[in-house]
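An overview of the molecular structure
Next come the chains, spelled out residue by residue.
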Amino acid sequence: MLQTNNAWWNYYQNNKDAIREEVVETIVKMLSCGTRARGYHHHCCENPECKHSKNVTHSCSCRYCQTCGVKPTNDWIKNQLEILPNCEWQHITLTMPDTLWQVFKDFKLLNKLPKVAADIFNKIAKDRKAIRIGMFMAVHTFGRSLNWNVHLHISVTMGGINKKGQWKKIRFVKEVIMKMWRYAVIKLIRHKLKQSVIDDSFNKRWIIHFAEPTKNPKATIAYLGRYIRRPPISMSR
């Protein structure tokens, strides 16, 4: 796909000043995967009269590669299942208006979003139940059409441990999360926004998606594993 009609080379020539070095290095690895450019092992029969031989090219071992990325993804999912508690979990997606997406091309601000979200859930758990909950999340910066679209995928335990070591259940309310998330994000980036954009953002109802709770984290880990670990572009695309 990247080589069709010199797609990658043409894109690179037109945008090379804006492409990060890490991206170029990753694409080069992917394009060289399975070719002699990465080297190869030559296998032949021990019988000197046998002329049969085979060259096995080396892979790039890059997790973004469509071929090499599958095993690391499966290994990551397996490791998380051994770490995370076996209890009820809920998957929650936090979005924001598209007028704010471009602000988060500032990676210093983008990297602050997970803590902003975590503080919201921890505050609710502490204030309502005096418990410590568990969560893991992924910042997602693109949509299905691969456009820049900043949102968070969060998995949170539907309960936690209090100071006595007792397990207490908790259920989060969508409307409460939405208002706290909206306020926290605008507070984080208001120095980057015009007052008209701030007012418009506060007047909108931000979209928050709550998936049905699951009995354990397996389904959510597999779901997020596809976002966090697998190659961003499938071989079919």
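Heads up: these notes are all about the structure in this document. From a predicted model like this one, the values you see are computed outputs, not experimental measurements. (Residues numbered from 1 in each chain as written. Predicted model: local features only at pLDDT ≥ 70, side-chain atom pairs only at ≥ 80, totals over all residues. Heavy atoms only, no water.)

Remarks on the state of the cysteines
Short version of the rule: Any cysteine sulfur atom paired with another within 2.5 Å is treated as part of a disulfide. The classification of residues rests on relative accessible area computed with a 1.4 Å probe and restricted to protein chains. Under 20% of the type maximum is buried, over 50% is exposed, and intermediate values are partly exposed.
Per the counting criterion, the structure on display carries zero disulfides. Cys65 supplies the cysteine sulfur nearest to Cys60, a cysteine that is in no disulfide, at a spacing of 3.8 Å. For Cys60, a relative accessible area of 6% gives the class buried. By relative accessible area, Cys65 is classed as buried at 3%.

Brief notes about the nonpolar core
Considering soluble globular proteins, one finds that nonpolar side chains tend to be buried as a cluster. Rule in force here: Here, nonpolar core means buried Ala, Val, Leu, Ile, Met, Phe, Trp, Tyr and Cys residues that are tied together by side-chain atoms lying within 4.5 Å of each other. Secondary structure counts use DSSP, requiring at least four H or I residues in a row for a helix and at least two E residues in a row for a strand, with both numbered from the N terminus. Pairs of residues are marked as contacts when any of their non-hydrogen atoms sit within 4.5 Å.
Core analysis: the largest hydrophobic core is formed by 37 residues, its most contacted members being Leu94, Met96, Phe104, Leu113 and Trp181. Among the secondary structure elements, those contributing two or more residues to this core are strand E3 (89-94), helix H4 (107-110), helix H5 (113-129), strand E5 (148-161), helix H6 (174-189) and strand E7 (208-210). In terms of residue count, H6 provides more of this core than any other element does, eight residues in total. Leaving out residues up to four positions away in the same chain, Leu94 has contacts with Ala117, Phe121, His151, Leu152, Ile154, Ile177, Trp181, Ile207 and Ile208.

Topic: unusual backbone geometry
Positioned with a positive phi, Asn5 is a non-glycine residue whose angle comes to about 55°. With respect to the helices, strands and loops of the structure, Asn5 is situated in the segment before helix H1 (7-15). Non-glycine residue Ser61 carries a positive phi angle of around 60°. Here Ser61 lies in the loop between strand E2 (53-57) and helix H3 (70-83). Residue classification places Ser61 among the exposed residues on the basis of a relative accessible area of 63%.

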